[in-house]
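Residues per chain, in single letters:
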Amino acid sequence: MKTALPLFRRSFVDSWRSTLAWAAGLAGACFLYLPLYPSIGGSAQMQDMIDALPAEMTKALNYDQIATGPGYTQATLYGLLGFLLMTIASVAWGAAAVGGDEESGQLELTLAHGVRRVQVVLERALALALRIVVLSAWVFLLVWFLNEPSQLGIKMENLFGASVLFAGLALLSGTAALCAGAVTGRKTDGIAAGAAVGVLGYVFNAVGRQSEDVEWLLNLSPYHWAYGNSPVASGADWSAAGWLWALSAALVVLAAAALERRDVGA
């Protein structure tokens, strides 16, 4: 009897150590930032510190939001350190899924067992998506656990929506890395593409918030699509969430088509 989704199962199970390590890192970020809010959030000292910073820096780092618990969580966790950790994890997994396997010679060995190329891309993309969902759910649970003790005042429906966007934003970088790896057969190209989505999205958001003259950059920023309305405080923009997940699906389809059409290991 054939095992259902064998490549998905193998990819997901084999990565449990790295998934656990990233979960520990995200837990560290939650426990580093969120319990500090009662002692600094909304205080006169905090407001004085924000006022002393250049307005451009405050906007770039989203520190104009940190006077409230939801805004503080959005700016420090979802919008900064959590975003950074999730992007790095997603890009690393996505770049290794096809491009990394091809560089190591494992992809040719897998295909020699009668596995279809489309199957390789789809099942490994599914494993990537599940890992990201697991980590996003983990962050959701941690923030929910710390919400009352840290006096954050976050509504659960807003936290859920922010977590969906958090996952979608990370997945877009990961699938960009997977797609580039499938197109070129190189892990480094996958890392470059995935990192570009994450870094440029953040930079375009930071620059686009500085002046009306460059606001058009916000339209090019997946980071802004996800976080432009501060979902932890205001609730998710579900159309933005749909776009993030739909674009990720499109990149997976493109990756499958590209791998199907080219020579592997050439």
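Above: the structure in question.
In this report, we go over the structure that sits alongside the text. (Residues numbered from 1 in each chain as written. Predicted model: local features only at pLDDT ≥ 70, side-chain atom pairs only at ≥ 80, totals over all residues. Heavy atoms only, no water.)

**Regarding the overall build of the chain**
Within the chain, the secondary structure is distributed over 13 helices and 0 strands. A burial count over the chain gives 48% of its 266 residues as buried. Across the chain, the fraction of contacts at a sequence separation of at least 24, relative to all contacts at a separation of at least 6, is 77%. (Helix = DSSP H or I, 4+ residues; strand = E, 2+ residues; numbered from the N terminus. Buried < 20%, exposed > 50% of the residue type's maximum accessible area, 1.4 Å probe, protein only. Contact = heavy atoms within 4.5 Å.)

**Brief notes about the nonpolar core**
If you look at the biggest cluster of nonpolar residues, it comprises 62 residues, and the most contacted ones within it are Y78 and V143. Those residues in contact with V143 that lie beyond four places of it in its chain are C30, L34, T73, L77, Y78, I154 and L159. (Core = buried A, V, L, I, M, F, W, Y, C linked by side-chain atoms within 4.5 Å.)

**Overview of the packing of helix α6 (residues 69-104) against helix α9 (residues 156-184)**
One way to put it is that α6 packs onto α9 with a least axis distance of 7 Å and a crossing angle of 35 degrees. Considering only the axes of α6 and α9, their crossing is right-handed. Broken down by class, the residue content of the contact of α6 with α9 amounts to 16 nonpolar, 9 polar and no charged. (Axes fitted to C-alpha atoms, helices over the stretch in contact; angles between N-to-C directions. Left-handed = near helix turned anticlockwise from the far one by under 90°. Nonpolar A, V, L, I, M, F, W, Y, C, P; charged D, E, K, R; others polar.)

**Looking at helix α2 (residues 16-33)**
The terminal C-alpha atoms of α2, which comprises 18 residues, lie 26 Å apart, in line with the 26 Å expected from a rise of 1.5 Å per residue. Among all positions in α2, only T19, A23, L26, A27, A29 and C30 are buried. Considered in projection along α2, the buried side chains sweep an arc of 155 degrees and stay on one side of the axis. Exposed side chains of α2 directed beyond 90 degrees from the buried face belong to R17 and L20. The secondary structure elements touched by the buried residues of α2 are α6 and α8 (117-147). (Expected span 1.5 Å × (residues − 1). Arc of directions from axis to C-beta.)

**Quick notes on the packing of aromatic side chains**
In the structure shown here, the tally under the stated rule is 8 aromatic pairs. Ring centres of Y78 and F166 lie 5.0 Å apart, and the angle between their planes is 80 degrees; this geometry places the pair in the edge-to-face category. With a gap of 88 residues between them, Y78 in helix α6 and F166 in helix α9 connect regions that are remote in the sequence. The residues Y78 and F166 share a single accessibility class, namely buried. Considering the side-chain rings of F160 and W238, the 6.2 Å spacing of their centres and the 40 degrees angle between planes classify their relative orientation as tilted. Linking F160 in helix α9 with W238 in helix α13 (residues 238-261), this pair joins segments that are 78 residues apart in sequence. Cluster of aromatic residues (ring-pair linked, three or more members): F83, Y202, Y223 and Y227. Sitting above the plane of the W93 ring, R131 keeps its charged end 4.7 Å from the centroid. (Phe/Tyr/Trp six-rings, centres within 6.5 Å; stacked < 30°, edge-to-face > 60°. Lys NZ or Arg CZ within 6 Å of the ring centre and 35° of its normal.)

**Let's talk about the side chain of S248**
You can see S248 is positioned in helix α13. According to the relative accessible area criterion, S248 is buried, its value standing at 2%. Within the structure, S248 has its side chain in polar contact with the backbone oxygen of L244 (distance 3.1 Å). When residues no more than four places from it in sequence are discounted, the contact partners of S248 are G168, L171, L172 and T175. (Polar contact = N/O pair within 3.5 Å; in protein donor to acceptor, adjacent residues only side chain to side chain.)

**Considerations on the pattern of salt bridges**
Applying the stated criterion across every chain, the model contains 3 salt bridges. Two residues, D189 and R186, come together in a salt bridge whose shortest N-O distance is 3.5 Å. By relative accessible area, which is 28% here, D189 ends up partly exposed. Judged by its relative accessible area of 43%, R186 falls in the partly exposed class. (Salt bridge = Lys/Arg side-chain N within 4 Å of Asp/Glu carboxyl O.)

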